[in-house]
Amino acid sequence: MAVSKLDPRVATVDDGSTTHGRTVLGTRPRFEPYIASDTITRELTPLPLLVGTLLGLIFGASSLYLVLKVGLTVSASIPVAVISITLFRLLSKVGGRDATILEHNIVQTAGSAGESIAFGLGVTMPAIMILGFDLEATRTILVAVLGGLLGILMMIPLRRALIVQQHGILKYPEGTACAEVLKAGASAESRALASPAAKAEQAALGGAAMSATTIFTGFGIGFVYKAINVAFKGWKDVPERVFGPPFSAGSISAEISPELLGVGYIIGPYVASIMCAGGVLAFLVLIPAIKFFGSAAATPLAPGTIPIAEMSLGAIRDAYVLYIGAGAVTAAGIVSLLRSLPTIWASLREGLKDFQGGATARTSHVRTDRDLSMRVVYAGSIALVVAIMLARPLHMNLLGASLLVVLGFLFVTVSSRLTGEIGSTSNPISGMTVATLLFTCLAFLLVGWTGPDYYVTALSVGAIVCIASSNGGTTSQDLKTGFLVGATPRNQQIAILVGALAAALVLGPILLRLNESATVYVPRISKQPVEAAGGGTLLRDVENFPATLRVDPNSLHDTEAHNGTEYLVWHNQSQTQRPLGKYLVDRTGVPVFLVDPGINGTHRVTPDGERQVAKFDAPKATLMSYIIKGILNRELPWGLVLLGVMITLTLEMSGVPSLAFAVGVYLPLSSTSPIFLGGMIRWLSDRYTRRKHAGRQLSEAQMMAQGDKSPAVLLASGYIAGGAIAGILIAFMAGILGDVTQRLTEWSAAHNPFFEGPYANGLALLPFGGLVLLLYLVGREKVFAPRD
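The rules behind the values
- In this convention, every chain numbers its residues from 1, walking through the sequence in written order.
- Where totals are concerned, whole chains, interfaces and linings use all residues; where local detail is concerned, this predicted model gives features only for residues with pLDDT of at least 70, and gives and counts side-chain atom pairs only at 80 or more.
- The side-chain figures draw on all heavy atoms in the structure; neither hydrogens nor water molecules are used.
- Only DSSP runs of H or I with at least four residues qualify as helices, and only runs of E with at least two residues qualify as strands; both kinds are numbered from the N terminus onward.
- We call a residue buried when its accessible area falls under 20% of the maximum for its residue type, exposed when it is over 50%, and partly exposed in between, using a 1.4 Å probe and counting protein chains only.
- Only heavy atoms enter the contact rule, under which two residues are in contact if any of them lie within 4.5 Å.
- Only the protein chains shown count as cover for residues, with accessible areas throughout obtained via the Shrake-Rupley method and a probe of 1.4 Å.
- Pairing between strands is defined by DSSP: at least two bridges between them are needed.
- Axes here mean lines fitted to C-alpha atoms, for a helix over just the part in contact, with angles spanning 0 to 180 degrees between N-to-C directions.
- The criterion for an aromatic pair is that two Phe, Tyr or Trp rings (for Trp, the six-membered ring) have centres within 6.5 Å, with stacked assigned to planes under 30 degrees apart, edge-to-face to planes over 60 apart and tilted to the rest.
- Each salt bridge in this description consists of a side-chain nitrogen of Lys or Arg and a carboxyl oxygen of Asp or Glu lying within 4 Å of one another.
- What sets the label is the angle itself: under 35 degrees gives roughly parallel, over 145 gives roughly antiparallel, 65 to 115 gives roughly perpendicular, and the rest give oblique.
- Three residue categories are used. Nonpolar comprises Ala, Val, Leu, Ile, Met, Phe, Trp, Tyr, Cys and Pro, charged comprises Asp, Glu, Lys and Arg, and polar comprises the others, including Gly.
- The term nonpolar core refers to a set of buried residues drawn from Ala, Val, Leu, Ile, Met, Phe, Trp, Tyr and Cys, joined through side-chain atoms within 4.5 Å.
- Residues forming no salt bridge and having over 30% relative accessible area are the ones grouped into patches, like charges within 9 Å of each other and nonpolar side chains (Val, Leu, Ile, Met, Phe, Trp, Tyr) within 5 Å.
- What makes a crossing left-handed is the near helix being turned counterclockwise from the far one by less than a right angle; a clockwise turn instead makes it right-handed.
- In a helix, the anticipated span is given by 1.5 Å times the number of residues less one.
- pLDDT is a residue-level measure of predictor confidence that goes from 0 to 100.

### Let's talk about the overall build of the protein
When helices and strands are tallied, the protein shows 26 helices and 14 strands. Counting only residues that meet the buried cut, the protein has 59% of its 788 residues in that class. Long-range pairs, those at least 24 residues apart, make up 75% of the contacts in the protein with a sequence separation of at least 6. Accessible surface, the protein: about 31000 Å² in total, of which carbon and sulfur atoms supply 63%.

This is the structure we're talking about:
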């Protein structure tokens, strides 16, 4: 053991840690949390658990709406933590008791479960309607409950391997930011109980007031910026430049949001650069290459449906590059798991001591290293698998259940590790779901299971693994926050189990209600508005399905009432009779209505042609349905998937970490470019830190620790928190104020040069440049400078 004269966390370990392919020589400080392990204070109490669960339901509902609209969500942990601090502070002013920092941590832990389950549901379950089946309440709730609980249980034995042993290597940016929010908002009681190391660090940053000022300034700036930018259409939110000949379809773009800039600063320049490099490959190499070589083809090149010459860059990405990205993410995930096996096995071996009991049980654990018993993990996991096997709506079989367990453990591990490297916001859960469907459908194909009923089985496996990996990543982020503030892991695990169960039971019915709200019952002939020659619109008759469409009524058993009449229900999954979908059929077998769903439906006008219907596009669910039908119908473009696998292998042979790069290939360049910029600001700040401490003979690990304690980390955490809360509020209000949003968009497009016009791309960068400049100045200690 060596002793550091610099860091108040004095005990250090000589380890030569390896991070992302780079060896960090020297000593790594043994971490001491905000609340020391031998300090006992209130933590898992009823009111914080109830508040967190309720907030989880609210944020889960808004996240579900967002993922159905655009296929994206934002991390809920930080917004829930800020709301918790505000609510309990108000409660203390009217005679109640303020919460401790550990109680606030319970609130954010329970409250984060809803968002991750919402993402898994929104990405997968709507695909079942595209495949021609009903979005049943029982099936939806089962998938949400089983996936949510399975992900949490699988993450519990991984905590020591990923959170404790990889501390300082895996950053968990949102988890770190959430911990900073909790520390900045800690009550006087919690500050008094803080460990000596936490008090010394706080004093070095200028005291509690200065820390709170920095993070809440960042929060306010991030919130106001995001609100003006996205809600009020103040300036273009994704500046983009699409190149013409000779570099057709090449493009650069940036989602100029405060939360992505903050994530980039926290994860640092190395991972941020690798992620952005993947985006550069996709948008500045692959898409232009496909356009260049494919433009000469007069006919569509599968899986595309129109000639490449007529495709936009977005259409090229959706038709070709997403499959390459999915293959890259799949291969990189497997490589990452293989590399993690030694630490995972060591963690599981330690956990087995709990299961064995007796003299080998680890009853002497300190409070901050106490997990739920492995008996609970194993018994719970077995019970969930049995429930999956017995659940008739899932159409599950032994092969499907076995794949679910194997792929679930694989992608919970990968998701948790990726969350540590790049954060929840950029975690490609949908890419892991695609990988799950690839493996599952390929296994089904090998044994000859290609009928429509196996579509449901494959999608059930994919949906449960998607929710499990999403919730596993969220759980690891929460456990990282708890690790930093000194929480009891067991209490956090109980809180997120409660929050996940409540969210799963409620979000399933909400998904069904959202679908029903925009469902249209379309007769064979309906009215459709068209532009008239002299201006205005006319209504013309449109045939929605052929008069020859028939079904044997004796083969139908389910019924449904509509407008007072009872009809037979027919789920048309035929390869010859189109269009596919759900029909209401009379007693003679003649379809009367096509039931066009609210999610992924195509009929956006009521049958009388008088009213527009706002549909949910659920873009990721469409991709999932393509994967299932593509493999089981032998139509998947395996060549594209294997290209992605080869990209990963090339990177690994070159010594470049493939997982972050593969994520960059799969994600839009607009998402990774602001992360890269945040990483570059961190690189400049770290250069300043090195010059500042040049004479103190610090090891590389100690120098990195100094960079992690910069006030710019607090400001970046505030950016993440403010942007995330604003994003969720905007998504929640979009369903209520949709007409207002449309009018604002139209006005800005006509009158605001920052939003639309020839100079909009450049002008939009000006306010974002202000965010970047402030972050740089704080990193250089020109603003919010800590005390020496």
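### Here we look at the sheet that holds strand β12 (residues 565-572)
An order of β8-β14-β13-β12-β11 is seen for the five strands of this open sheet, with the pairing classed as antiparallel. Looking at the sheet topology across the chains shown, the edges are occupied by β8 (520-523) and β11 (559-562). Across this sheet, the average inter-strand angle for adjacent strands is 40°, counted without regard to direction. As judged from the four bridges shared by β11 and β12, these two strands associate in the antiparallel manner. Bridged to Ala561 within β12 is Glu566.

### Section: the side chain of Ser469
By the secondary structure assignment, Ser469 is in helix α17 (residues 452-485). Given a relative accessible area of 1%, Ser469 falls into the buried group. What Ser469 contacts, discounting residues up to four positions off in sequence, is Phe411, Val412, Ser415, Ile429 and Met432.

### Details of the packing of aromatic side chains
Here a ring pair, both rings aromatic, is described through the centre-centre distance and the interplanar angle of the planes. Summed over all chains, the structure comprises nine aromatic pairs. Ring centres 6.1 Å apart and planes at 70° place the aromatic pair Phe444 and Tyr454 in the edge-to-face group. With Phe444 in helix α16 (residues 429-446) and Tyr454 in helix α17, this pair connects stretches of sequence that are 10 residues apart. A relative accessible area of 0% means that Phe444 is categorised as buried. Tyr454 gets classed as partly exposed once you look at its relative accessible area, which sits at 26%. Ring pairs connect the aromatic residues Tyr521, Tyr567 and Phe593, which therefore count as one cluster.

### Observations concerning the pairing of strand β14 (residues 591-596)
Within β14, five of the six residues are buried, which leaves the element mostly enclosed by the surrounding structure. Where β8 meets β14, four bridges bridge the pair, whose relative direction is antiparallel. Residue pairing for β14: Pro523 is matched across the bridge by Phe593. From the end of strand β13 (residues 581-585) to the start of β14, which pair antiparallel, there are five residues, and Gly589 there has a positive phi angle of about 90°.

### Some remarks on the pattern of salt bridges
Going through the model one piece at a time under the given rule, you end up with 15 salt bridges. Of the charged contacts in the structure, one is a salt bridge between Arg42 and Glu103, with a shortest N-O distance of 3.5 Å. Of this pair, Arg42 sits in the loop between β5 (27-29) and α1 (46-70) while Glu103 sits in helix α3 (residues 101-124), and the two are 61 residues apart along the sequence. Relative accessible area serves as the criterion here: at 4%, Glu103 is assigned to the buried category. Three or more residues are tied together by salt bridges with common partners; here these are Arg159, Arg160, Asp369 and Asp371.

### Looking at the packing of helix α2 (residues 77-93) against helix α7 (residues 173-184)
Interhelical geometry of α2 versus α7 gives an angle of 10° and a closest axis separation of 9 Å. By the angle between their axes, α2 is roughly parallel relative to α7. Contacts from Ser77, Ile78, Ala81, Val82 and Ile85 in α2 reach Glu174, Ala177, Cys178, Val181 and Leu182 in α7. Tallied by class, the residues present in the contact of α2 with α7 amount to eight nonpolar, one polar and one charged.

### Some thoughts on the nonpolar core
With 181 residues, the main nonpolar core has Leu68, Ile117 and Leu775 as its most contacted residues. Here this core takes 15 residues from α17, the largest share from any one element. If sequence neighbours within four positions are ignored, Ile117 has contacts with Ala144, Gly148, Ile467, Asn471, Ala500, Ala503, Ala504 and Leu507. Ala518, Phe545, Leu568 and Leu594 belong to the second-largest nonpolar core, a separate cluster that totals 13 residues.

### Describing the side chain of Ser670
By secondary structure assignment, the location of Ser670 is in helix α22 (residues 669-692). The buried category is assigned to Ser670, whose relative accessible area is 11%. When neighbours within four sequence positions are excluded, Ser670 is seen to be in contact with Val238, Ser253, Ala254 and Glu255.

### Quick notes on a nonpolar patch on the surface
A grouping of Leu47, Leu50, Leu54, Leu91 and Val94 is seen on the molecular surface, where their side chains present a nonpolar patch of about 450 Å² in accessible area. Here the nonpolar patch gets three residues from one element, more than from any other, and that element is α1. Along the chain, Leu91 turns up in helix α2.

### Here we look at the packing of α7 against α17
α17 packs onto α7 with a crossing angle of 40° between their chain directions and a minimal axis gap of 8 Å. Overall, the two elements α7 and α17 adopt an arrangement that is oblique. You can see that α7 and α17 cross each other, and the crossing is right-handed. Residue-level inspection shows Pro173, Glu174, Gly175, Thr176, Cys178, Ala179, Leu182 and Lys183 of α7 in contact with α17, the latter providing Gln477, Lys480, Thr481, Leu484 and Val485.

### A few points about the environment of Asp134
Position of Asp134 relative to the elements: it lies in the loop between α4 (127-130) and α5 (137-155). Sequence separation of Asp134 and His571 is 437 residues, and the distance between their C-alpha atoms is 8.0 Å. Excluding anything up to four places from it in sequence, Asp134 contacts Ile128, Arg139, His571 and Lys582.

### Regarding α2
The terminal C-alpha atoms of α2 lie 25 Å apart, and with 17 residues this matches the ideal 24 Å at 1.5 Å per residue to within 8%. Looking at α2, one finds that the buried residues are Ser77, Ile78, Pro79, Val80, Ala81, Val82, Ser84, Ile85 and Phe88. Two residues or fewer past α2, Gly95 is found with a positive phi of approximately 100°.

### Quick word on the confidence of the model for the protein
In low-pLDDT regions, the fine details of the predicted coordinates are not to be read closely. On average, residues of the protein score 80 in pLDDT, and 83% of them reach the 70 mark or higher. In the model, residues 357-364 has pLDDT below 50 throughout and makes eight contacts with residues more than four positions away in sequence or in other chains.

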